[in-house]
Structure formats: C-alpha cells, structure tokens
Amino acid sequence: MRLDQVWLRYGARAPWVLRAVEVEIGPGQSAVVLGRNGVGKSTLLQLAVGVLSPTRGVVRDRPRTVGWVPERFPADQPYTVEQYLTGMARVRGLSGAAVARTVGSWVERLGLAAYRDVRMPALSKGTAQKVGLAQALLRPPGLLVLDEPWEGLDAATREVVPELIGEVLDDGGAVLVSDHRGETVRLPYAAQWTVADGTVSVVRPAADGTRASGSGTTVVEISVPTARALETVAALRAAGHQILRVRPAEPPPTGHVDHPADPPDRVPDDGAAPVGPVDGGDDRLADRAGATGEAS
Ligand SMILES: Nc1ncnc2c1ncn2[C@@H]1O[C@H](COP(=O)(O)OP(=O)(O)OP(=O)(O)O)[C@@H](O)[C@H]1O
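Residues numbered from 1 in each chain as written. Predicted model: local features only at pLDDT ≥ 70, side-chain atom pairs only at ≥ 80, totals over all residues.

By the naming in an unreviewed UniProt entry, the chain goes by ABC transporter domain-containing protein and is assigned to Plantactinospora endophytica.

Now the structure itself:
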C-alpha cells in the first residue's frame, strides 16, 4: 500500500495536518508511527485504513481486508461482547459454524470469556481494547492498523500484542502501529515513520523490513539468570539479533532429579533460567522469577 503525495486538512480553512506524504508498506512489513501528541499520527493511520480520504493525493493498493483498532475503541454500543463480535464476524463475511468458532477462539485467547455476556458500555477501557483487537483479527487482515494498541492493556495482554502482529506478518499482512510511549522496542523489525511538521520521515529496519521468520532464519533459545536478562537482551540487540520473546523458566517436572548426564538446557541449581526467544527488553523482565527467550 502506498500514500502518494497525500495532503490532509480537516476543513477548507483549517491548517494542513499532513503535507505531501509519501510512504509505502508491503506484505510482511510493519511500521511504527512515532511523533508527539497532536502531530497527526492517528490522522495518518486513518488515511491508511480508509476512514479518512486525502484532501489531495491518493492512497494506492490498500489490501481488501483491513483490521483497525482505533485509539479509543467505541464501546458505546447496545450489545454484549459476544453479540458484538458475532455481528462483526458476519459483517466480515464469516458464516455458519465459522462465526462461533472464530469468535470463541479470540474470546479465549484475549481472556474475554468472563465478559461474553457483558454489555459493551460496561467494559473497562482495557477490556474494550481487547474486544477492539478481537474484531480487527476476526479475518486475517491484509493490513492491520493499531492506534496506540498498548494503551490501557494489562501486562499479560501487552505481551500478546507483538505475538498477534507477528502472526499477521507471517501470513503476509502489513501492520501499522502508532506509539507515543516507546513500546516500539517490542517490534525491533519494524520501520519507523516519524511524523513532524506535517511530514513523515522513514527509517527502515536494518534488514529488508520483513520480520525474520521462516526459511533462512533460525530461532535460538537461550537461558540466562534472571538478574542478567536485561543486559543479555541489550547485548543480543546490539549484535543485530531479533529478540522475539522473553519468558519465565518452566520449573522442572515434579520428582525430577538433575542428573549429570542431563542435557545442558536444565535450570541450573544457582537459579539460572533457560533463555530462548526474547522480546521487549523492558524493565518488567527484572521482576520475573526467571527468563527464557529466543533470539534469531
Ligand atoms: N476530526 C477532527 N477535526 C478537526 N481536527 C482534527 C480532527 N482530528 C484531529 N484533528 C487535529 O489534527 C491534528 C492531528 O491530530 P491526530 O489525532 O492525528 O494527532 P496524534 O498525533 O494522533 O495525537 P495523539 O498522540 O494525541 O493521539 C491535531 O491538531 C488535531 O486537533
């Protein structure tokens, strides 16, 4: 998809919010939209989604299925969570058993099961945001647009967002995410689009903008003591590796006795944790009882 010389203002006499913007994003690519409050990030995203039309210029090759989670998900609707998602699934072209199956799987995955019968206006901001994520993903999107997706989400769901984004990218979708809180570290493979003074400057990721996955890349699981998780993440990043995930170590099975002949990925007695895929590098890692991560 490409924004070709796009200009936008909200009224004939209003100031230009965006001027002569030229950006593009391809299948399997992601970009984080950065910039200070009020600079035009949401405006840019809405142009990409198609809910705003350029005052001048044109948006080309927008994918047919666009998933959009606006900054403030409109929860003032007279439906329960289940009714809303079921209706949205039908709007998106799902039918028959696929409707309940798809809604059910997103409800489970995003921890919404307890809210199925709750009316949308009664939801907390974070829970409404999860419903917003679910509706955007009911059909695999060719373009997923997330406006400040981490806003209001609990820690567990914040962890899931990069995973969801990764799945869309692996399916050949493109992802645009705005971020004014620096959560960008969670998407180390994304380009950066910085909005300032009506223009957008682009910094491409070191590689070709495609999330490293599939053939040609290898995921390596490593293990480090929890106290060294942050510095290890930083060192791996500095060496050009992608940090995919950080997770606590799994305790050894009950009754397990370490044996000298055991493979070296066991949790050592000094509390060191197996480390594998890593995402984030944020300071919450320090709170964890053990960390494992993946780097590629
Ligand atoms: N519907 C609208 N009508 C008139 N002006 C608008 C409208 N939406 C946004 N604007 C103006 O356009 C400019 C850019 O707003 P936008 O919401 O795109 O910024 P943003 O970078 O997303 O801000 P934030 O980080 O606070 O979410 C602001 O000056 C805003 O007041």
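The next subject is the overall build of the chain. When helices and strands are tallied, the chain shows six helices and 12 strands. The 296 residues of the chain split such that 38% are buried. For the chain, long-range pairs separated by at least 24 residues make up 73% of all intrachain contacts whose partners lie at least 6 apart in sequence. (Helix = DSSP H or I, 4+ residues; strand = E, 2+ residues; numbered from the N terminus. Buried ≥ 20, exposed ≤ 12 C-beta atoms within 10 Å, placed from the backbone. Contact = placed C-beta atoms within 7 Å.)

It is worth spelling out helix 3 (residues 97-109) at this point. Relative to the 18 Å expected for 13 residues at 1.5 Å per residue, helix 3 spans 18 Å between its end C-alpha atoms, a close match to the ideal helical length. Elements in contact with the buried residues of helix 3: helix 2 (81-91) and helix 4 (125-136). In the stretch just after helix 3, Gly-111 is the one whose phi turns positive, near 70°. (Expected span 1.5 Å × (residues − 1).)

Looking now at the site of the ligand. In the vicinity of the ligand, the contacting residues are Tyr-10, Val-17, Gly-35, Asn-37, Gly-38, Val-39, Gly-40, Lys-41, Ser-42, Thr-43, Glu-71 and His-180. Counting residues per element, the shell around the ligand draws most heavily on helix 1 (residues 41-49), at three residues. Each residue belonging to the shell around the ligand can be placed in one class, and the counts come to three nonpolar, seven polar and two charged. (Near = placed C-beta within 6 Å. Nonpolar A, V, L, I, M, F, W, Y, C, P; charged D, E, K, R; others polar.)

What the three strands build is an open sheet, ordered 2-1-4; its pairing is antiparallel. Taken across any chain shown, the strands that pair with only one partner, and hence form the sheet edges, are strand 2 (16-24) and strand 4 (56-60). Between one strand axis and the next, the sheet turns through 25° on average, direction left out of account. Bridge count for strand 1 (residues 2-9) against strand 2 is five bridges, and the pairing is antiparallel. Bridge pairing in strand 2 places Leu-3 opposite Val-23. Each of strand 1, strand 2 and strand 4 touches helix 1; the most contacted strand, strand 1, lies at about 125° to it. (Pairing = 2+ DSSP bridges. Axes fitted to C-alpha atoms, helices over the stretch in contact; angles between N-to-C directions.)

With mixed pairing, six strands are arranged side by side in an open sheet as 5-6-7-3-8-9. Of all strands in the sheet, those bounded by a partner on one side alone are strand 5 (66-69) and strand 9 (199-203). Averaged over all pairs of adjacent strands, the angle between strand axes in this sheet comes to 15°, irrespective of strand direction. Strand contacts of helix 4: strand 5 and strand 6 (143-147), with the helix running at about 175° to strand 5, the strand carrying the most contacts.

The subject of this paragraph is unusual backbone geometry. With a phi close to 55°, Asp-61 is a non-glycine residue in the positive phi region. The class for Asp-61 is exposed, based on 12 C-beta atoms found within 10 Å. One non-glycine residue, Asp-197, lies in the positive phi region at around 50°. With respect to the element layout, Asp-197 can be found in the loop between strand 8 (191-196) and strand 9.

With that settled, consider the environment of Trp-106. The residue Trp-106 is located in helix 3 in this model. Considering only alpha carbons, one finds Trp-106 and Leu-85, 21 residues apart in sequence, at a separation of 9.4 Å. Those residues in contact with Trp-106 that sit more than four places away from it in its chain are Leu-85, Ala-134, Leu-137 and Leu-138.

Another aspect to go through is the pairing of strand 5. Side chains of strand 5 alternate between two faces, with Val-66 and Trp-68 and Gly-67 and Val-69 buried alike. Bridging between strand 5 and strand 6 involves four bridges; their strand directions are parallel. Following the sheet pairing, Trp-68 is matched in strand 6 by Val-145.

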